[in-house]
Amino acid sequence: MSRYESRLEKELRFHIEQRTADLIASGHDAAEAKRLARIEFGGLEQAKEQCRDVRRTRWPGDLWRDALYGMRTLRQKPGFTLVSALTLALGIGASTAIFSAVNPLLFEPLPYSKASRIMTIWYGGAGGAPIPQTFGTFRELQSRSHSFEAIAVMKPWQPSLTGRAEPERLDGQRVSAAYFRVLGVTPALGRDFDPADDRLNGPDVAVISDTLWKRRFAGDPAIVGREITLDDSLYQVAGILPRGFENVLAPEAEIWSLLQYDASLPSPEGREWGHHLRMIGRLRAGGGVDQARRELDQIARTPVPEFARSPIATMGQGLIVNPLREDVVRAVKPALLAVVGAVILLLAIACVNVTNLLLARGAQRRGEFAMRIALGARRGRLIRQLLTESVLLSLGGGALGLLVARICVRVLIALSPPGLPRIGEIVINAPVFAFAFAISACIGSAVGMIPALAAANNDLYQASRRVTAVHRRTRRALVVAEVALSLMLSVSAGLLLRSLQRLFSVAPGFDSSQVLTMQVQIATFSRLRGADAQHRFFDQALDAVRRVPGVVTAAFTSQLPLSGDSDSYGGHFENDNDPHDDHLAFRYAVTPDYFKAMRIPLLRGRLLEQRDMLSAEFRPVLINEAFAKRKFPTQNPIGQRVRFGPERPWDVIVGVVGDVKQVSLAIGESNAFYVATDQWLWADNPLWLVVKTRGDAASFASAVRSAIWSVDKDQPVVRVSTMDALVSASAAQRRFAMILFEAFALIALLLAATGLYGVLSGNVAERTREIGVRSALGASRAEILALVFREGMTLTALGIAIGLAGAAAATQALVSMLFGISRLDPITYLGVIALLALISAAACWTPVWRAARVDPSITLRAE
Amino acid sequence: MTSKSDLPQGTLDLLIMKIVALGPVHGYAIAQRLQQVSREVVQVPQGSLYPALHRLENRGLLAADWKETDTGREAKFYRLTRRGRAQLEAETASWARLTEAIGVILNLREAK
């Protein structure tokens, strides 16, 4: 006993003994005096407890004692403690991880000064679809628009860096001079681009990232002003960007150089008028997006003589202005929001389970509370005790949750689809963790207190009856909630799973099996200057590859399906009614064997042939089936004349080939046209090599590479992959969302199963007496089985009904992620309902079995 | 004696402090004196005296020492601290004002 306790005891005993002595002195006999003194004093234990209470409010050290006591109670029930803490950990951990991952994308501003003023400006294509800009449009907007402080355009650039160390292919961007000004970034060392240098044949200057500077140049400040070799040309390093600069427009980029297009726009058909540039602009202070949109609309509608427009860039459909942030996250937003929804459901399920566990625990401790109240413990005292226990439990769960969150974040990053923006910014988010922690702890504490609140009533019999009623109601609500939430999550996961199955059964239009692909680039222009020299290199390389044993056939193409390439040109047909009709189509400059290597079927006419490669009289082109149907629904496309790209003699359609998925399996058939590599306007570089092999395509990688290098060992070969890998990578985002959903649904089912079991078995335990009485009165085992089973399944059915309504509403958020099935797909719904009913039945079975074995005599004895 | 006291809120503390102000005294003596002095009008369940004493001790208005009584037994003697004395004076003054005001109101003659 503590010093305080012994003193308290001594003080109160002194009082009673003194009173007894006085009563004896005034004539009572000893026993009577003792009795009277006790009665006068009132409840001794109550007085003690009240004194302790007074003291506890004073000593924060008492919290420690409560905590020790709480830990002892928790240790006495290791199963309960472990399950509750793990449930909390799963809920807190998963939600923290997911919110941490989506936070930089969905909620945080981009890491630039006044980032909300940075806009993307797209060219309005057919039907208002955003398509890339032309340099000509950029020139016009730059001069005529006043809504923007600065406007810039950019395109990807992948130079090869050579020098003392081994050659390396870098990711970079060609940009107009104001690029960094639009983003609001200035180099940490050296200078920004000089607008005067951004002209045709201007000086070659480069700005490099901090990581490239550290990696390749050992962080030597003297590199500024020196020259480096890129693609065999000397570039002067103008500046080094600050550390931590995040280039959301091209996260991999490490080096930037000027675009240096011809500002005089020499030909209306030159590269200056190609739709291949992305445009961004920084709004002037005080000007809004709407104002900028109005102004650009006005400019688009009113051409001026100083800025003659090319027929393929008339701005006929206007311009599309969006905040950069929206543009960056648009592609991933639906998936992220869906995942956020899933994790909220998971957190809700975890809360339901912990509530259930605490409720069961409270019921078991009813006796303990009743005893303590009889001994004079006050309500506040019990509540504080339970609160301490709940907080302890939550702390344990929270600590584990932090661990779970860290693991989840790591797994998320490892699983994330390529191109997920701002992936480097994903860190455990403290406010979110605190939020998830607080919400589960609060719910847990509130529920844990129900028995104490009810038990604190003076009338113990009433109290215990009331607790039972509260428990019953809460329990039933929990079963229903548990089933409903699990159903919603499982239906969502099921829909995604079936979408992915459908997606993979979509024919991509080519045969991806046993096809190896890689990009071959000519980096050393000094030795291979000129288109002829380039064609010769590619021809020789192709010959060398064909000689590799096991290679069936090999071909080059300027763009590869599902590789992320998206190279389109506007086409004009001779029979177009409106000369400004612009049929945008994917351009493939290919060598004749491409169709054989990819097994793209010929539907009409003929394929490209070797003799077409040098044909000078006309340029034969192939178009795809979708294009032919769209443009020539009734006529024969063969022999029709068409022109893609700049003004030049008409090309002739010689054949129609099958449709191929270029951007993604989920996107419908786009227009496409094919020309021979050496008949396009320029020699494409790099080209994709497509190799059809016998056996495992991946195993040919090094042999094929050696074959290319046997022609010229200085040319980089990059992005080696099999076509199968590209196909599955193209569905990466869907698969990512699906894996997350499957994981959540699995955890949810697990929690639901244990939760259901807990709730139902608890229910039976509380009804043991009733069951005993029933069987004593002659109810058969089958009747009792039916009674308990029916109750469990009724609750499950109610949960399913509510869950169905919830799922029907919730799956609206999934619509953009689904492919080939309705969000109300009956098979998914039926499957999930069957699964949940099965789990429920299994969870019912054990308690039902136990219920049926209740021996009436045991029940009676227990009374 | 176990019936609930009808003492207004806070008056028990005031009475205790007044009794303790007369000199160091133990709990039992306080209970006795409360009864004697108030001519048995003020009846406090004796058990509830102790939480009140401990509360006052907590608030620093009373201090306590263990000392021997006249009969040689060890008991906890309470005494008023300086803060307790100030508090007692303030509360006595406000109690006096309150009772005076109430007295005036109760003595109002009904207007004819």
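It should be emphasised that the depicted structure is a prediction, and the values quoted were computed from it without experimental measurement.

*Asks:* Where do I start with the overall build of chain B in this structure?
*Replies:* In terms of regular secondary structure, chain B is built from four helices and three strands. Ordering the α and β elements of chain B from the N terminus gives α-β-α-α-β-β-α. Within chain B, the proportion of its 112 residues that are buried is 24%. Counting contacts in chain B only where the partners sit at least 6 residues apart, residues at least 24 apart contribute 51% of the total.

*Asks:* Would you explain the overall build of chain A in this entry?
*Replies:* When helices and strands are counted, chain A shows 25 helices and 24 strands. Counting over 863 residues, chain A shows a buried share of 42%. Pairs at least 24 apart in sequence give 83% of the contacts found in chain A among residues at least 6 apart.

*Asks:* Explain the sheet that holds strand β3 (residues 74–80) of chain B to me, please; I cannot follow it from the model alone.
*Replies:* Strand pairing in a sheet is mediated by backbone hydrogen bonds. Such pairs are either parallel or antiparallel. Residues and elements named next belong to chain B. In spatial order, the strands read β1-β3-β2; together these three strands make up an open sheet with antiparallel pairing. Each edge of the open sheet carries a strand with a single partner, namely β1 (25–26) and β2 (62–68). Relative to β3, β1 is paired through two bridges, and the arrangement is antiparallel. Paired with V25 across the strands is Y78, a residue of β3. Against the sheet, helix α1 (residues 11–21) touches β1, β2 and β3, its axis set at about 100° to β3.

*Asks:* I'm lost on unusual backbone geometry in this one. Help?
*Replies:* All names here are of chain A. Here K114, not a glycine, exhibits a phi torsion of approximately 45°, which is positive. Phi at R599 takes a positive value of approximately 55°, unusual for a residue other than glycine. A count of 14 C-beta atoms within 10 Å places R599 in the partly exposed class.

*Asks:* What is the right way to look at the pairing of strand β8 (residues 205–208) of chain A in this model?
*Replies:* Two faces, one strand: in a regular strand the side chains alternate between the faces of the sheet. All names here are of chain A. On β8, burial covers both faces: V205 and V207 on one face and A206 and I208 on the other are all buried. Judged from the four bridges that link them, β8 and strand β10 (residues 233–240) form a sheet pairing that is parallel. Bridging from a neighbouring strand, V207 pairs with G239 of β10. Pairing geometry for β8 and strand β11 (residues 255–258), over three bridges, is antiparallel. Its bridge partner lying in β11, I208 is registered against I255.

*Asks:* Looking at this structure, how should I read the confidence of the model for chain B?
*Replies:* All names here are of chain B. A residue-level look at chain B finds 88% of positions with pLDDT of 70 or above and a mean pLDDT of 82. Contacts from residues 1–5, a stretch scored under 50 in pLDDT, to residues over four places away or in other chains number eight contacts. The ipTM value of the predicted complex is 0.86, and its pTM value is 0.64.

*Asks:* How should the interface of chain A and chain B be read in this particular structure?
*Replies:* Accessible area lost upon the coming together of the parts serves often as the stated size of an interface. Taken together, the 18 residues of chain A in the interface contact 16 residues of chain B. Of all the elements, helix α3 (residues 44–56) of chain A adds the most residues to the side of chain A that touches chain B, at seven residues. Considered class by class, the residues forming the side of chain A that touches chain B number seven nonpolar, six polar and five charged.

*Asks:* Is there a simple way to think about the nonpolar core in this case?
*Replies:* When a protein is soluble and globular, its nonpolar side chains tend to lie buried together. Residues and elements named next belong to chain A. By size, the foremost hydrophobic cluster in this structure holds 85 residues, and its most contacted members are A342, L346, I349, L489 and F744. Sorting the residues of this core by element identifies α5 (78–107), α11 (333–364), α13 (379–415), α14 (430–455), α15 (460–504), α21 (732–766), α23 (781–810) and α24 (826–852) as the ones contributing at least two each. Examining the composition of this core, we find that 18 residues originate from one element, α11, more than from any other. With residues near it in sequence (within four places) discarded, L489 still touches A342, L345, L346, F744, A745 and A748.

*Asks:* In this structure, what is going on with the environment of V354 of chain A? I would like to understand it.
*Replies:* Here V354 of chain A shows up in helix α11. Considered as a pair, V354 of chain A and A85 of chain A are 269 residues apart in the sequence and their alpha carbons are 8.6 Å apart.

*Asks:* What is the right way to read helix α1 (residues 3–25) of chain A from this model?
*Replies:* Each α-helix turn comprises 3.6 residues. Residues three or four places apart therefore point the same way. All names here are of chain A. Helix length check: α1, at 23 residues, gives a terminal C-alpha distance of 32 Å against a target of 33 Å (1.5 Å per residue), a fit within 8%. Within the sequence span of α1, burial applies to L8, E11, L12, H15, Q18, R19 and T20. Trailing α1 by a residue or two, G27 shows a phi angle of about 110°, which is positive.

*Asks:* Explain the packing of helix α2 (residues 27–37) of chain B against helix α3 (residues 46–58) of chain B to me, please; I cannot follow it from the model alone.
*Replies:* The relative placement of two packed helices is expressed as an angle between their axes plus a distance between the axes. Residues and elements named next belong to chain B. Contact geometry of α2 with α3 gives a least axis separation of 10 Å together with a crossing angle of 120°. Relative to α3, the element α2 is oriented oblique. The interaxial crossing formed by α2 with α3 has right-handed handedness. Residue-level contacts link G27, I30 and A31 of α2 to Q46, L49, Y50 and L53 of α3. For the contact of α2 with α3, a count of residues per class yields five nonpolar, two polar and no charged.

*Asks:* For this particular structure, what's the right way to read the environment of V304 of chain A?
*Replies:* Residue and element names in this part refer to chain A. Inspection of the secondary structure puts V304 in the loop between α9 (289–301) and β13 (319–323). Using a count of 11 C-beta atoms within 10 Å as the deciding quantity, one classes V304 as exposed. Taking the C-alpha atoms as reference points, V304 and E140, 164 residues apart in sequence, are found 9.3 Å from one another.

*Asks:* Explanation requested: helix α16 (residues 531–546) of chain A in the structure shown.
*Replies:* Residues and elements named next belong to chain A. Its 16 residues place the ends of α16 23 Å apart at the C-alpha level, agreeing with the 22 Å of an ideal helix rising 1.5 Å per residue. Along α16, the positions that sit buried rather than exposed are Q534, F537, F538, A541, L542 and V545. What you see down the axis of α16 is that its buried residues fit within an arc of 130°, all on one side. Facing away from the buried side of α16 by more than 90 degrees, the exposed set consists of D532 and D543. In this structure, the buried side of α16 is in contact with β14 (515–520), β15 (551–557), β23 (687–693) and α19 (701–711).

The rules behind these values
- Residues numbered from 1 in each chain as written.
- Chains lettered and ligands numbered in written order.
- Predicted model: local features only at pLDDT ≥ 70, side-chain atom pairs only at ≥ 80, totals over all residues.
- Helix = DSSP H or I, 4+ residues; strand = E, 2+ residues; numbered from the N terminus.
- Buried ≥ 20, exposed ≤ 12 C-beta atoms within 10 Å, placed from the backbone.
- Contact = placed C-beta atoms within 7 Å.
- Pairing = 2+ DSSP bridges.
- Axes fitted to C-alpha atoms, helices over the stretch in contact; angles between N-to-C directions.
- pLDDT = per-residue confidence, 0-100.
- Nonpolar A, V, L, I, M, F, W, Y, C, P; charged D, E, K, R; others polar.
- Core = buried A, V, L, I, M, F, W, Y, C linked by C-beta atoms within 7 Å.
- Expected span 1.5 Å × (residues − 1).
- Parallel < 35°, antiparallel > 145°, perpendicular 65-115°, else oblique.
- Left-handed = near helix turned anticlockwise from the far one by under 90°.
- Arc of directions from axis to C-beta.

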